[in-house]
Number of protein chains: 4
Amino acid sequence: MIFNCRIAEKTSDLKSAGPRKPKNIRGTYENVRQATRRLCAPLCPEDCVIQSMPDASPTRWHLAHTTWFFETFVLAETVDNYKPFHPDYYYLFNSYYNAVGAQFPRPDRGVLSRPAMADIDAYRLHVDQMMRELLGSTSRLSDDLVRTIEIGLHHEQQHQELILTDIKNAFSLNPILPVYCKRLPMSKSATISMGWCDYPEGLYWIGHAGGGFGYDHEFPRHRVFLESFELAKRPVTNGEYMEFMADGGYENSQLWLSEGWQAVRSGGWTAPLYWFREGDDRVSYTLSGRRSIDPNEPVCHVSYFEADAFARWRGCRLPREAEWEIATADVKACGNFVEGGLFHPVSAVERPGDRMPQQMYGDVWEWTSSPYIGYPGYQPPPGAIGEYNGKFMCNQFVLRGGSCVTPASHIRHTYRNFFQPSARWQFSGIRLAR
Amino acid sequence: MIFNCRIAEKTSDLKSAGPRKPKNIRGTYENVRQATRRLCAPLCPEDCVIQSMPDASPTRWHLAHTTWFFETFVLAETVDNYKPFHPDYYYLFNSYYNAVGAQFPRPDRGVLSRPAMADIDAYRLHVDQMMRELLGSTSRLSDDLVRTIEIGLHHEQQHQELILTDIKNAFSLNPILPVYCKRLPMSKSATISMGWCDYPEGLYWIGHAGGGFGYDHEFPRHRVFLESFELAKRPVTNGEYMEFMADGGYENSQLWLSEGWQAVRSGGWTAPLYWFREGDDRVSYTLSGRRSIDPNEPVCHVSYFEADAFARWRGCRLPREAEWEIATADVKACGNFVEGGLFHPVSAVERPGDRMPQQMYGDVWEWTSSPYIGYPGYQPPPGAIGEYNGKFMCNQFVLRGGSCVTPASHIRHTYRNFFQPSARWQFSGIRLAR
Amino acid sequence: MIFNCRIAEKTSDLKSAGPRKPKNIRGTYENVRQATRRLCAPLCPEDCVIQSMPDASPTRWHLAHTTWFFETFVLAETVDNYKPFHPDYYYLFNSYYNAVGAQFPRPDRGVLSRPAMADIDAYRLHVDQMMRELLGSTSRLSDDLVRTIEIGLHHEQQHQELILTDIKNAFSLNPILPVYCKRLPMSKSATISMGWCDYPEGLYWIGHAGGGFGYDHEFPRHRVFLESFELAKRPVTNGEYMEFMADGGYENSQLWLSEGWQAVRSGGWTAPLYWFREGDDRVSYTLSGRRSIDPNEPVCHVSYFEADAFARWRGCRLPREAEWEIATADVKACGNFVEGGLFHPVSAVERPGDRMPQQMYGDVWEWTSSPYIGYPGYQPPPGAIGEYNGKFMCNQFVLRGGSCVTPASHIRHTYRNFFQPSARWQFSGIRLAR
Amino acid sequence: MIFNCRIAEKTSDLKSAGPRKPKNIRGTYENVRQATRRLCAPLCPEDCVIQSMPDASPTRWHLAHTTWFFETFVLAETVDNYKPFHPDYYYLFNSYYNAVGAQFPRPDRGVLSRPAMADIDAYRLHVDQMMRELLGSTSRLSDDLVRTIEIGLHHEQQHQELILTDIKNAFSLNPILPVYCKRLPMSKSATISMGWCDYPEGLYWIGHAGGGFGYDHEFPRHRVFLESFELAKRPVTNGEYMEFMADGGYENSQLWLSEGWQAVRSGGWTAPLYWFREGDDRVSYTLSGRRSIDPNEPVCHVSYFEADAFARWRGCRLPREAEWEIATADVKACGNFVEGGLFHPVSAVERPGDRMPQQMYGDVWEWTSSPYIGYPGYQPPPGAIGEYNGKFMCNQFVLRGGSCVTPASHIRHTYRNFFQPSARWQFSGIRLAR
């Protein structure tokens, strides 16, 4: 997966939502930026440098890149004669915006030690100070500018999640198994039985309806015809996944896509990522260190290939993204899987007899069977800021929902996350359909 | 692309088409088998051994593998105490059927010189003889058996096309530029102007309607909702593509998908495959050797990435597969691009003022913007023979139509071809939509 | 090992040997050229195309390249207005001579099917006819020309050996295990006990003494000081090597060079090349097909790493090339290991009590512990023809002796063969020193 | 190159040198350990984590590994019931000692952030404290123990040099070009003209004579016969090397070994490592940042391939290691190239008319034409501590002398450094012979 900045749409839908309140945006700015810094509190400078694989980035880089966004797309565009904090940062902390210039090669981000954390702190302070001045001057805040800042804050929230997924990946490779956060609350064991909600065939509307923030690729709202379908009430659990493993799931080529089977063989996969054996036991590495596996928790850190093979083994399938979106249009309940616990997901409340699925957000991102492509009529926004989502509409699959490390305010039912089918280091799990 | 046998569906739709006539199948068997052999007439034994890349196979292998299909799925299942022609051939000429046993590694097929062509001829003769006996005995021909034989013949037709795409690829790497077939008829230069046909929004049925042969993944027939759209009346020509090149299409990252841009850089792409420079001229390698480029012919041997970038450059897009299928439901006309000319495509007849697109088949396979996945409710057929199409529903795109080297009787408007987006060695081109 | 043409030196030493007799060279030319063709008699055209790995070449290529040598360095230089047989062959069949022009990429030689064998036969006949005319005209045969022809013949003899080593490698990958030559005489089991010959310390002369043919890197003759040493009377046998295997030789990192241990692990080595298991038995693939392993035959197809590890395990070491050369200065006896049997090695005659080692040639090439570098004062010959041996004086080790597939007239005690330490597909074995 | 601990020999030669004074070793211990720490003073914690390539290691790792040596081979062997500082460090900081246990994969050292620098400081303090207690108790200091400690100190000195070569490599990849040490003294421009010293042919002794410290592979002292030769009085300068570049040295395949030419092409080499263009100027990255190139300084950061090609271009050759050793047997003068300047090399004093070469040490390591193999009779020492030098006697070349970043007390004329011929990140240069 190559990723990490999804840029918001400036559509007429959004425009119709009316001008935002500068006061509001100022408080949000402070909250989001402080939340990022808080996330890094448990890390020492050495931790912030390492990069475990090309898909992941060092913490240093996340901290600087989100700041670069505000400097490049807000300050440099707004402040007269803006003088960059450091001339090299334009190159170093650009992720993918070709229109803005060249980028430092992504896989080599872990070779850089400078600017050091102290320098990056200074960079953030400097940009925050300038931003505060700007945000304090209501007259300078055009609607367009507010919208760009809003994009930058959503962008930073995405990187908050990535800071955690990436450091988890790096720590997991250290034989010492470092602990990010000692005492995570244990998740409440799932008590929801595996039931199904059913939906009739019909012509449905999906996509962002306007009236709030959304990324470009959530638009335009459009119609899809769906056959009748059923959706599981909750994600697949570790216990259920262990049955698949015990039944030889990882040894049976018949269950796998051809590329999936290659991934199993070449990667030596025999369990979800971060599971390992300790004598006869299976344990997993988590942000709070080594933990035994709770059979009632949602299975996590599986690839699309594994999700797809599991579903086939169960005689089911994965949901299409349209099915998922329709099913969750009115659901507000969130998960109770709290490895991270970091963003306080609202606990799911089981309502027996309810037709609605539970635990739709806040546990794990859920793989859908939909390849990631543009909606009919999709247009990427003009300019450098639009140079993102559309670029990746090839060889990736859509995930829906949100995980225990996704900021709660970043979750919405039209949100389209996407990764390559072999990706496992995100907090990704499985919901069944049939 | 990893591929080459797409196995037909035994659905109730097919069943409802009623039993086939044994006489009919016998003649078809002879015709198809002889056509394969005729295709190899211009090749010397040395040609039949080489493999230019892992995606391609030696001619030897195509000849043996198509025969293996009849031996394994027809003779061994039907003839009492059937004794295999050679015990090792089961292993050597299995392509992908894990249920039938292990396979010789695909990328190493070019290391094998034995069985030599004389042995493979003997193998074909032996199997043909046994098949003739079987086909002559009406009482032994159950409906199921006829259907399996029919699959085998469609399967062999696919490999006929592959024999040509693969040998073209191998020959193109030889500095001597060997000629497969000296005097191909020159294609009639396209005279159709680039016009558009338009289609209203609505709920459409697509997929195979039954009543004839179809592969599993053309089923089930189902509804899709489409917005209104326009489709170009003919494929993009070399001349139009050269404008894209002249405008810096291969140097402008903004036009490309992220993975496409990587392919351009790492592969050093600056033109379609098989185009090369001769002084200031651009010429191309064809099955009849080096030829100058006709600006009126459809552009060919482009990847999905190139098709997508070209469409973006033109301010258009590629068609969805449903759009393509609906537009061609009643079109019978074929192409006039005859590099191969090998399968006598029916010439397109331009009917001015007609709402229907022209040149829909018989020129080039046309990339669609649809990732290759199963239709809603898709089920792969049971058993080893079903172990194919469903395995590749990941990271491939659908192509529609058929090319100048596709057997005419193999072309139909519900046909779903699929390749990885970087593939260029098939006869693949571009039709625009908007 | 990057291989296969070692070009002879035109030194004053050689000159002092006096002019060669044209009659003599004419007969030798016919003999060598016919021997090459005879070697290919058991091969079908398909066999002559395949290339099993970058280090090996197709038979087609060997046949054409040796002919190209005479065309390029003799005919084109001597015959007025010489018209090349085919203009592309200069490029296609050049192996390494940068001075003569570009080369077709070595690893892709197996992708070429043309010129086909019939074309190459015609090429050989054409060049042979021209050469015959030249050799028949004594007046045109300058000393220099005779010497170049002589080089070409030695060069062709090297390729005779390579034709066999390369086809053996390719055949070994075919599950059918094709047979090159059905009935090879079984080798007489070794009866020589493992004894030692000892040599006193002293200042010795090594290198070619002049008076016969020698390659550039066998010169100049020079002095080396050697401590006293002992050399085993015969090569290590399969039986002795199996003791090493049984003692866990392939699992004990302490025995191996660091790079050797990597080769063992990454290559999955557990035995010499071409050995495989058949139930509980170990058998090997030979040019006459599958054979059981004779414990008395010299172990063959081992890399330098394996030879070195074996010697360490036995508490011995490999000989230095100077030690080997001094020990064999007066030995004429040859081996009795006849897998090939193709070149009629003279059988070894054991002379008990003799101080001289036995079986020094004609069984297996013997790895020495000497990295391949130039002798003091070494100068590569000028011009394109000298562009060979000196280029490879890096990361290769010297082998001495000659194998059962080395033409007998090509063997001499000053001969320096060289390959990369990981190479196993040559007929290479082990002699111990201490 | 895989390397970095060369373990000293416990030969009778060394023994004959008599027991060392405990007082002496105690002071040396303090000096060496403090010097290591001083070297790291300019680095921030982030710098100590990064690894630029598999051949290099993070500073963290050097600091811990050298400490691990004393803990494993001294404290754990000597102190009763020694309790390791941290159980995982045995695994994490073992470099190559298979006998002591498994190692963390070398190329992944840069993925570890923990133990952090503070932990490693604590580790060093702990081990130093224990060592001080041990060194203070004369009665516990056996001769063997003193010798092991001495090895550990030489080992640490090697890593001092590597700390600098590795951080230079990593910094050079950072577009910011971080400065290790701001104000390095500029080197005094070379004033020595390129003259030659000549040596007569003869039988010479080389190798360590005993009576001081030496690594295992410097033994045994032995005789070699050398032809007469000449050695340049000083290393090749940047100015001379630029002539080679200007003459198309990097474009002329005739000058290069076959593997060297591949390295030039695949690596895109056009100048020594760390040279880059700034407009029309060539500048280089140094430990004090970007610097213009002084034509009088010794050329540095060239591979064996470049050294060999340069020598060929000049009609000369590289010296054999025996030639180098004989020539320097009585030379004490050191270099004046002071990029590092870190270890205060004694300045060279030109003595006109002197037969001895100048600037033999303290500028750059000098590539010799000698592949790295064991001397006749070489035996690696027994036990884990001997598991080093002998493992690498394959595909490496010997360098002699010592560079501006080699601790002065670590330099001696029998010292054998060795690297793969493609290595460029060491301070390696060229001296000519003929």
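This text follows the structure it describes.
Figured I'd write up the structure that's included with this text. (Residues numbered from 1 in each chain as written. Chains lettered and ligands numbered in written order. Predicted model: local features only at pLDDT ≥ 70, side-chain atom pairs only at ≥ 80, totals over all residues. Heavy atoms only, no water.)

Once that is clear, we can look at the state of the cysteines. Under the criterion given, the structure shown has 0 disulfides over all chains. Looking at the unpaired A:Cys197, the closest cysteine sulfur is the one in A:Cys316, lying at 14 Å. Among the cysteines around D:Cys48, which has no disulfide bond, D:Cys40 carries the closest sulfur, lying 5.8 Å off. Exposure remark for D:Cys48: the relative accessible area of 1% places this residue in the buried category. (Disulfide = S-S within 2.5 Å. Buried < 20%, exposed > 50% of the residue type's maximum accessible area, 1.4 Å probe, protein only.)

So, about unusual backbone geometry. Of note, the amide linkage connecting B:Arg114 to B:Pro115 takes the cis form, showing an omega dihedral of -5°. Tracing the chain through its elements places B:Pro115 in the loop between helix H4 (89-92) and helix H5 (117-136). Residues D:Phe219 and D:Pro220 are joined by a peptide bond in cis, for which omega reads -10°. Positive phi is not limited to glycine here, since C:His301 has a value of about 60°. (Helix = DSSP H or I, 4+ residues; strand = E, 2+ residues; numbered from the N terminus.)

A separate point is the interface of chain D and chain C. Taken together, the contact between chain D and chain C spans 36 residues of the former and 36 residues of the latter. The junction of chain D with chain C conceals about 2900 Å² of combined surface from both sides, 50% of it contributed by carbon and sulfur atoms. Here D:Glu201 ties to C:Arg223 by a salt bridge, and the two come within 3.2 Å at their closest N and O atoms. Mapped by element, the contributors of at least two residues to the side of chain D that touches chain C are strand S3 (222-226), helix H8 (258-267) and strand S8 (365-371) of chain D. Classifying every residue of the side of chain D that touches chain C gives 18 nonpolar, 11 polar and 7 charged. (Contact = heavy atoms within 4.5 Å. Buried area = accessible area lost by both parts, 1.4 Å probe. Salt bridge = Lys/Arg side-chain N within 4 Å of Asp/Glu carboxyl O. Nonpolar A, V, L, I, M, F, W, Y, C, P; charged D, E, K, R; others polar.)

Relating one copy of the chain to the other takes a rotation about an axis and a shift parallel to that axis. With an axial shift of 0.1 Å and an RMSD of 0.0 Å, the rotation relating chain A to chain B amounts to 180°. With respect to symmetry, the two chain copies, as superposed, fit the operation of a two-fold axis. Closest approach to the rotation axis within chain A is made by the C-alpha atom of A:Asn395, at a distance of 2.3 Å. When the interface residues of chain A are mapped onto chain B, 100% of them again lie at the interface, so the same face is used by both copies. (Least-squares fit on C-alpha atoms with pLDDT ≥ 70 in both.)

Now for the pairing of strand S8 (residues 365-371) of chain B. All names here are of chain B. With 7 of 7 residues buried, S8 is to be regarded as a mostly interior element. Here S8 shows no split at all, with Trp365, Trp367, Ser369 and Pro371 on one side and Glu366, Thr368 and Ser370 on the other all buried. Pairing of S8 with strand S9 (residues 397-401) involves 4 bridges; the strand directions are antiparallel. Looking across to S9, one finds that tryptophan 365 is bridged to glycine 401. Bridging between S8 and strand S11 (residues 428-429) involves 2 bridges; their strand directions are parallel. Among the inter-strand pairings, glutamate 366 is bridged to a residue of S11, identified as glycine 429. (Pairing = 2+ DSSP bridges.)

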